[in-house]
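Listed below, chain by chain, are the residues.
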Amino acid sequence: MLKDRYFYPLAAIIVAVIVSVALSFGDRVDLTDRDIWNSGYLMEGKDLGHLTAQPGTQAVFVPAAGGDPAYSRLTSTAARDSLPKGPGVFAPLGPQYERAFAGQDLLMTVTARASHINPLETFDIGYFSAGSRDSGWKRRVLTPDWKEYVLDFNPGPLMEVRGIDHASVWPGETAELLNVDIKSIRVEVLNPPK
């Protein structure tokens, strides 16, 4: 077993590598702030296969079948308080989104349900940014049917440090291996600048 002084730096490095790999899957299209203000960000369908899970969490992509849409089944494999702070399972929003979303009133919507297999009762959602402030985790109560869970948040002005934003889900605080299904993650600007 690793001592804390080795474990936490190693875990931070692993998270950084995971984020870098996740960003490498992103589109190489240059979007303007106006494009992003008007269209927002959406991850759904087969793109859910690109959700990134920090150590202690996992995301398993389930393709559309039998009238059910594609979704990802998320679970915690370790208790959250035993892990270094991190974004859980997340959709990585690159520097273009961080720049465009900074200082804007955002609406983050996660379409989710309690999984049909070992269902969670609650889960947490949050918006996190390397270049401005974070929403922190907000708890939501799950239902067995698909439902939209929302978070209003303003990340504040962009500071000098730039990185990526995370539209994040934490699938349970303990390591009970309970599941939440995610059908989509959307981030919109509520009042786009003119």
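A brief structural summary. (Residues numbered from 1 in each chain as written. Predicted model: local features only at pLDDT ≥ 70, side-chain atom pairs only at ≥ 80, totals over all residues. Heavy atoms only, no water.)

**Digging into the overall build of the chain**
Here is step 1 of the chain: Looking only at helices and strands, one finds 3 helices and 11 strands in the chain.
Here is step 2 of the chain: Ordering the α and β elements of the chain from the N terminus gives α-α-β-β-β-β-β-α-β-β-β-β-β-β.
Here is step 3 of the chain: Going through the 194 residues of the chain one by one, you find that 44% of them count as buried.
Here is step 4 of the chain: When contacts within the chain are restricted to residue pairs at least 6 apart in sequence, those whose partners lie at least 24 apart make up 78%.
Here is step 5 of the chain: When the accessible area of the chain is evaluated, it comes to approximately 10,100 Å², of which 56% is carbon and sulfur surface. (Helix = DSSP H or I, 4+ residues; strand = E, 2+ residues; numbered from the N terminus. Buried < 20%, exposed > 50% of the residue type's maximum accessible area, 1.4 Å probe, protein only. Contact = heavy atoms within 4.5 Å. Areas by Shrake-Rupley, 256 points an atom, 1.4 Å probe, with all protein chains shown as cover.)

**A few points about the packing of aromatic side chains**
Here is step 1 of the chain: Taken as a whole and judged by the stated rule, the model has 7 aromatic pairs.
Here is step 2 of the chain: Consider the rings of Phe128 and Trp137, whose centres lie 4.8 Å apart with planes at 55°: the pair is tilted.
Here is step 3 of the chain: Under the relative-accessibility criterion, Phe128 is labelled buried at 13%.
Here is step 4 of the chain: Through successive ring pairs, a cluster of aromatic residues spans Tyr41, Tyr97 and Phe101.
Here is step 5 of the chain: Arg113 extends its terminal NZ or CZ atom over the ring of Tyr71, reaching a point 5.0 Å from the ring centre. (Phe/Tyr/Trp six-rings, centres within 6.5 Å; stacked < 30°, edge-to-face > 60°. Lys NZ or Arg CZ within 6 Å of the ring centre and 35° of its normal.)

**Topic: the sheet that holds strand 8 (residues 138-141)**
Here is step 1 of the chain: A sheet is described by the order of its strands in space; here 5 strands give the open sequence 2-5-10-7-8, paired in antiparallel fashion. In this open sheet, the two edge strands, each paired with only one partner strand, are strand 2 (52-53) and strand 8.
Here is step 2 of the chain: In terms of strand pairing, strand 7 (residues 122-129) meets strand 8 through 4 bridges, oriented antiparallel. Residue pairing in the sheet places Ile125 in a bridge with Lys138 of strand 8. (Pairing = 2+ DSSP bridges.)

**Side note on the side chain of Asp165**
Here is step 1 of the chain: Note that Asp165 resides in strand 10 (residues 165-170).
Here is step 2 of the chain: A polar contact is formed between the side chain of Asp165 and the side chain of Tyr127, at a distance of 2.4 Å.
Here is step 3 of the chain: Discounting chain neighbours no more than four positions away, the residues touching Asp165 are Ala91, Pro92, Leu93, Glu98, Tyr127, Phe128, Ser129 and Ala130. (Polar contact = N/O pair within 3.5 Å; in protein donor to acceptor, adjacent residues only side chain to side chain.)

**Brief notes about the side chain of Gln104**
Here is step 1 of the chain: Here Gln104 lies in the loop between helix 3 (95-101) and strand 6 (106-114).
Here is step 2 of the chain: In contact with Gln104, not counting residues within four places along its chain, are Trp37, Phe153, Asn154, Pro155, Val189, Asn191 and Pro193.

**With respect to the pattern of salt bridges**
Here is step 1 of the chain: This structure, assessed with the given rule, holds 10 salt bridges.
Here is step 2 of the chain: Linking Arg139 and Asp124 is a salt bridge whose minimum nitrogen-to-oxygen distance equals 2.7 Å. Of the two residues, Arg139 is situated in strand 8 and Asp124 in strand 7; the sequence distance between them amounts to 15 residues.
Here is step 3 of the chain: Exposure remark for Arg139: the relative accessible area of 42% places this residue in the partly exposed category.
Here is step 4 of the chain: Shared partners join several salt bridges into a network, and the residues in it are Asp68, Arg73, Arg113 and Asp181. (Salt bridge = Lys/Arg side-chain N within 4 Å of Asp/Glu carboxyl O.)

**Some details on unusual backbone geometry**
Here is step 1 of the chain: Positioned with a positive phi, Asn118 is a non-glycine residue whose angle comes to about 45°.
Here is step 2 of the chain: Its location among the elements puts Asn118 in the loop between strand 6 and strand 7.
Here is step 3 of the chain: With phi around 60°, Leu177 is a residue other than glycine that occupies positive phi space.

**A closer look at the pairing of strand 6**
Consecutive residues of a regular strand have side chains that alternate between opposite faces of the sheet.
Here is step 1 of the chain: Among the 9 residues in strand 6, 9 count as buried, and that is most of the element.
Here is step 2 of the chain: Burial of the side chains of strand 6 extends over both faces: Leu106, Met108, Val110, Ala112 and Ala114 are buried on one face and Leu107, Thr109, Thr111 and Arg113 on the other.
Here is step 3 of the chain: Both strand 6 and strand 9 (residues 147-153) contribute to a ladder of 7 bridges, which runs antiparallel. Across the sheet, residue Thr109 finds its bridge partner in strand 9, namely Val150.
Here is step 4 of the chain: Here strand 6 pairs with strand 11 (residues 179-189) via 9 bridges, running antiparallel. When the bridges of strand 11 are listed, Leu106 appears paired with Val189.

Note that all results are geometric; they support no functional claim without further evidence.
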